[in-house]
Amino acid sequence: MDVLLDIWQRMTTPHAALEPLIAWLTVAAAAVIVLFPPTWRLARHVITIVHEGGHGVVAVLSGRRLGGIRLHSDTSGLTVSRGRATGPGMIFTLLAGYPAAALLGLGAAWLLSLGYDVGLLWVLLVLLAVLLVQIRNWFGLWSVAVTGAVVFSVSWFGSPRVQGVFALLVTLVLLFGSLRTSFELQQSRSRRGGSSSDADQLARLTHIPGIFWVAVFTAVQLICVALSAQLLGFVQI
């Protein structure tokens, strides 16, 4: 009981905002992580976790039966759900993947704007724990478990400044990384033509070109980045 009370106190105790210089340096670090290929290969696993989690959540909310999630070492993933192969449920499930990281980043920015950086880290831990029970392959289990261990270590052992910087860094990587995946999606579609990507599956279901769905993904992501920048005080609108 004492441990639970300690966790709750940590989650609900707001921290002071980071100094502007530290915050902008964190923005630069997040940009480097997303743009530099070696670090992006690692960070993209986190984006894939959220991407597939987004598919899973919306599949359940739309009345489909979630069959499991697989995460692969090449940063790809697969969410299996059962239900009608056409119709709104399938469309919303396919729509959910690419914007998921940006929407989570927006929610994270809102929590950070209130000072709840540790609260954000524990929310992420809960989400990872829920996702873990749906993973159906060893690499996926390892990937989610390691991510959870890193988040837990910072939330439990990190100093307030380290927690604040880490929480902001995760938020920004989610936002920037989400945008990069949409650019990569369109590059892949341009090279290969027809594919089994979310955008192309949506095109087949709706008879609306895949480029439209890529534009929808990107628009949602850009809106989330803009709103998050405002919430975090990086821009004034």
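This write-up is about the structure you can find in this document. Being a predicted model, the structure only gives us computed values, none of them experimental.

So, the overall build of the chain
- Each helix and strand in the chain was counted, giving 9 helices and 2 strands.
- Helices and strands in the chain line up, N terminus first, as α-α-α-β-β-α-α-α-α-α-α.
- Relative to the compact-globule value of 18 Å for 237 residues, the chain shows a C-alpha radius of gyration of 18 Å, a close match.
- Seen through its principal axes, the chain has C-alpha atoms that stretch 50 × 40 × 30 Å.

Remarks on the pairing of strand 2 (residues 77–82)
- Inspection of the sheet shows strand 1 (residues 65–71) paired to strand 2 by 6 bridges, in the antiparallel sense. Directly across from isoleucine 69, in strand 2, lies its bridge partner threonine 79.
- Counting the residues in the hairpin turn of strand 1 and strand 2 gives 5 residues, including threonine 75, whose phi is positive at 75°.

Details of the packing of aromatic side chains
- The full count for this structure, using the stated rule, is 8 aromatic pairs.
- For the ring pair tryptophan 122 and tryptophan 156, a centre distance of 6.4 Å and an interplane angle of 70° mean the geometry is edge-to-face. Of this pair, tryptophan 122 sits in helix 5 (residues 117–132) while tryptophan 156 sits in helix 6 (residues 138–157), and the two are 34 residues apart along the sequence.
- Owing to a relative accessible area of 23%, tryptophan 156 belongs among the partly exposed residues under this scheme.
- Between the aromatic rings of phenylalanine 152 and tryptophan 156, the centroid separation amounts to 5.9 Å while the plane-to-plane angle is 15°, which identifies the pairing as stacked. A residue pair is termed a helical-turn pair when its members lie 3 or 4 positions apart in one helix, as phenylalanine 152 and tryptophan 156 do in helix 6 at 4 residues.
- Take phenylalanine 152: its relative accessible area is 34%, and that puts it in the partly exposed class.
- Here a set of aromatic residues connected by ring pairs shows up, and it is made of Trp122, Phe152, Trp156 and Phe157.

Observations concerning the nonpolar core
- Ranked by internal contacts, the top residues of the largest apolar core, which has 31 residues, are Leu120, Leu121, Phe166, Leu168, Leu174 and Phe234.
- Looking at this core, the elements that each hand over two or more residues are helix 2 (20–35), helix 3 (37–61), helix 4 (88–113), helix 5, helix 6 and helix 7 (160–192).
- Residues in contact with leucine 121, not counting those within four places in the same chain, are Val151, Val154, Ser155, Gln163, Phe166 and Ala167.
- By size, the runner-up hydrophobic cluster in this structure holds 10 residues, among which are Leu94, Leu185, Ala199 and Trp213.

So, the side chain of threonine 181
- Summarising the element assignment, threonine 181 is placed in helix 7.
- Classification of threonine 181 as buried rests on a relative accessible area of 4%.
- Polar side-chain contacts of threonine 181 include one of 2.6 Å to the backbone oxygen of serine 178.
- Filtering out sequence-adjacent residues up to four positions away, threonine 181 remains in contact with Trp40, Arg44, Ile47, Tyr98 and Gln221.

What counts and how
- Starting from 1, residues in each chain are numbered consecutively following that chain's sequence as written.
- Only residues with pLDDT of at least 70 get local features here, since the model is predicted, and only at 80 or more are side-chain atom pairs given and counted; chain-wide, interface and lining totals rely on the full set of residues.
- For side-chain calculations, the full set of non-hydrogen atoms in the structure is used, while hydrogens and water are omitted.
- Helix and strand labels come from DSSP, where a helix needs a run of H or I of at least four residues and a strand needs a run of E of at least two; each type is numbered from the N terminus.
- Here the globule rule reads 2.2 Å times residues to the power 0.38, and the radius of gyration is calculated from C-alpha atoms.
- Strand pairing is assigned whenever DSSP identifies at least 2 bridges connecting the two strands.
- When two rings of Phe, Tyr or Trp (its six-membered ring) have centres within 6.5 Å they constitute a pair, described as stacked for plane angles under 30 degrees, edge-to-face for angles over 60, and tilted for the intermediate range.
- Exposure classes here rest on a 1.4 Å probe applied to the protein chains alone. A residue is buried below 20% of its type maximum, exposed above 50%, and partly exposed in between.
- The nonpolar core is taken to be a set of buried Ala, Val, Leu, Ile, Met, Phe, Trp, Tyr and Cys residues, with the residues joined through side-chain atoms within 4.5 Å.
- Throughout, a residue-residue contact means that at least one pair of heavy atoms, one from each residue, lies within 4.5 Å.
- Whenever a nitrogen or oxygen atom comes within 3.5 Å of another N or O atom, the pair is scored as a polar contact, on the condition that within protein one atom can donate a hydrogen and the other can accept it, and that pairs from neighbouring residues in sequence are kept only if both atoms are in side chains.

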